[in-house]
Amino acid sequence: IWTYASTGWANRFFDRWYAWAIRSQITPMKKKATATSGKHHLLRRRLSNILNYFKHFVTIAISEGFNSSIQAVKSPARGFRKLENFRIRILLYCGKLNLMPVIPSH
């Protein structure tokens, strides 16, 4: 779907994929396509959100990557006593600072 340049073509692709998936003999594919929340199919209900990508070309990939970095900082610490220490560690880690001392050459 992400290879299309317009909302219309992406929507047509989704419609074809969805029709194929619900008739599919591939159980996981069929299950994903027909998953429901209440009385509505999840993918169908969220299609407008998916198609918004073609209007704004924004994904949550950057925020997900940042969240992954924060989890990498949090895990080895096994908790911080002070939120400020956690915040500083996140800023140091995500800022990719080089903390090696500079040795002046003579």
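Residues numbered from 1 in each chain as written. Predicted model: local features only at pLDDT ≥ 70, side-chain atom pairs only at ≥ 80, totals over all residues. Heavy atoms only, no water.

### Quick notes on the pattern of salt bridges
For the record, the criterion: By definition, a salt bridge exists where a carboxyl oxygen of Asp or Glu is found within 4 Å of a side-chain nitrogen of Lys or Arg. Secondary structure is summarised from DSSP: a helix means a run of H or I of at least four residues, a strand means a run of E of at least two, and numbering begins at the N terminus for each. The classification of residues rests on relative accessible area computed with a 1.4 Å probe and restricted to protein chains. Under 20% of the type maximum is buried, over 50% is exposed, and intermediate values are partly exposed.
The full count for this structure, using the stated rule, is two salt bridges. The closest approach of N and O atoms between Asp15 and Arg44, which form a salt bridge, is 3.1 Å. Linking Asp15 in helix H1 (residues 7-23) with Arg44 in helix H3 (residues 42-51), this pair joins segments that are 29 residues apart in sequence. For Arg44, a relative accessible area of 35% puts it in the partly exposed group. With its nearest N and O atoms 3.5 Å apart, the salt bridge here joins Arg87 to Glu84. Highlighted residues: Arg87 and Glu84, both in helix H6 (residues 83-94), separated by three residues, approximately one helical turn. Using a relative accessible area of 47% as the deciding quantity, one classes Arg87 as partly exposed.

### A word on the environment of Lys96
Relative to the helices and strands, Lys96 is located in the segment after H6. For Lys96, a relative accessible area of 70% gives the class exposed. Each C-alpha atom of the pair Lys96 and Trp20 lies 45 Å from the other, and the pair is 76 residues apart in sequence.

### Things to note about the confidence of the model for the protein
The cut-off we apply is this: A score between 0 and 100, pLDDT records how confident the predictor is in each residue.
A residue-level look at the protein finds 95% of positions with pLDDT of 70 or above and a mean pLDDT of 83. Least confident of the elements in the protein is strand S1 (residues 36-37), whose mean pLDDT is 72; most confident is H1, at 90.

### Description of the packing of H1 against helix H2 (residues 27-34)
Relative orientation and spacing of two packed helices are given, respectively, by the angle between their axes and the distance between those axes. Which entries qualify depends on this criterion: Axis definition: a line fit to C-alpha positions, over the contact stretch in the case of helices; interaxial angles, taken between N-to-C directions, run 0 to 180 degrees. Roughly parallel here means an angle under 35 degrees, roughly antiparallel means over 145, roughly perpendicular means 65 to 115, and every remaining angle is called oblique. Here is the rule for handedness: rotate from the far helix to the near one, and if that takes an anticlockwise turn smaller than a right angle the crossing is left-handed, while a clockwise turn gives right-handed. Throughout, a contact is declared for two residues whenever any of their heavy atoms are within 4.5 Å. Three categories are distinguished: nonpolar for Ala, Val, Leu, Ile, Met, Phe, Trp, Tyr, Cys and Pro, charged for Asp, Glu, Lys and Arg, and polar for the others, with Gly belonging to the last.
Close contact between H1 and H2 brings their axes to 7 Å; oriented N to C, the two are set at 120 degrees. Between H1 and H2, the angle falls in the class oblique. Remark: the crossing between H1 and H2 carries left-handed chirality. Residues Trp17, Tyr18, Trp20, Ala21 and Ile22 of H1 touch H2, and the partners they reach there are Met29, Lys30, Ala33 and Thr34. Its residues assigned to classes, the contact of H1 with H2 shows seven nonpolar, one polar and one charged.

### Some remarks on the packing of H1 against H3
At their nearest, the axes of H1 and H3 sit 11 Å apart, and the two run at 155 degrees to each other. In terms of their interaxial angle, H1 and H3 are classed as roughly antiparallel. Seen from above, H1 lies across H3 with right-handed handedness. Residues Thr7, Ala10, Asn11, Phe14, Asp15, Trp17 and Tyr18 of H1 pack against Leu43, Arg44, Leu47 and Leu51 of H3.

### Things to note about the packing of aromatic side chains
This is how it is decided: Only Phe, Tyr and Trp rings are paired, with Trp represented by its six-membered ring, and only when their centres lie within 6.5 Å; those with planes under 30 degrees apart are stacked, over 60 edge-to-face, the remainder tilted. A ring has a charge above it when a Lys NZ or an Arg CZ is no more than 6 Å from the ring centre and no more than 35 degrees off the ring normal.
One pass over the structure, following the stated rule, counts four aromatic pairs. Pairing Phe14 with Trp17 gives two aromatic rings, centres 6.0 Å apart and planes at 40 degrees, and the pair type is tilted. Here Trp17 and Phe14 lie together in helix H1, a separation of three residues that amounts to about one turn. Judged by relative accessible area, which is 5%, Phe14 ranks as buried. In this structure Trp17 comes out as partly exposed when scored by relative accessible area, which is 21%. Look at Phe14 and Tyr18: their rings are 5.6 Å apart centre to centre, the planes differ by 25 degrees, and that puts the pair in the stacked class. Of this pair, Phe14 and Tyr18 both sit in helix H1, four residues apart, which is roughly one turn of the helix. According to the relative accessible area criterion, Tyr18 is buried, its value standing at 7%. Over the ring of Trp9 we find Arg12; its NZ or CZ atom is 4.7 Å from the centre of that ring.

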